[in-house]
Amino acid sequence: MTKLTTASFIDEETGKSYSYSRFFHTEESISQYVTQAGFEVQYTKAYDEHLFVDFMRTELSPKTDNVIELLATKK
């Protein structure tokens, strides 16, 4: 399902509230977006994998995430 998701949280140290939004795509919606941007989609593939929780990729996430791989060329 494609949707805009917004999450809110309160910083425990400062007491300030923050929110952020993320848009989740399906294979079809990301293909359409890339095509509308002037690219030709070669293929898309969705699969589940464990991502990392840190930037240096040393700590594996305990949950599985869905990832969409897409290869496109500029027209």
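Scroll up a little and you will see the structure.
Residues numbered from 1 in each chain as written. Predicted model: local features only at pLDDT ≥ 70, side-chain atom pairs only at ≥ 80, totals over all residues. Heavy atoms only, no water.

So, on to unusual backbone geometry. Even without a glycine there, the phi angle at Arg57 is positive, about 60°. Along the chain, Arg57 falls in the loop between β3 (39-52) and β4 (60-74). (Helix = DSSP H or I, 4+ residues; strand = E, 2+ residues; numbered from the N terminus.)

Here we come to the pattern of salt bridges. In the structure shown here, the tally under the stated rule is 1 salt bridge. Taking the shortest distance from any N to any O, the salt bridge between Asp65 and Lys63 comes out at 3.5 Å. (Salt bridge = Lys/Arg side-chain N within 4 Å of Asp/Glu carboxyl O.)

Before going further, it helps to examine a nonpolar patch on the surface. A grouping of Phe9, Tyr18 and Tyr20 is seen on the molecular surface, where their side chains present a nonpolar patch of about 310 Å² in accessible area. For Phe9, the position within the fold is in strand β1 (residues 3-10). (Patch = residues over 30% accessible without salt bridge, like charges linked within 9 Å, V, L, I, M, F, W, Y side chains within 5 Å. Areas by Shrake-Rupley, 256 points an atom, 1.4 Å probe, with all protein chains shown as cover.)

By the definition in use, this model includes 2 aromatic pairs. Three or more aromatic residues joined by ring pairs form one cluster here, namely Phe9, Tyr18 and Tyr20. Stacked on the ring of Phe39, the Lys or Arg Lys74 has its end atom at 4.7 Å from the ring centre. (Phe/Tyr/Trp six-rings, centres within 6.5 Å; stacked < 30°, edge-to-face > 60°. Lys NZ or Arg CZ within 6 Å of the ring centre and 35° of its normal.)

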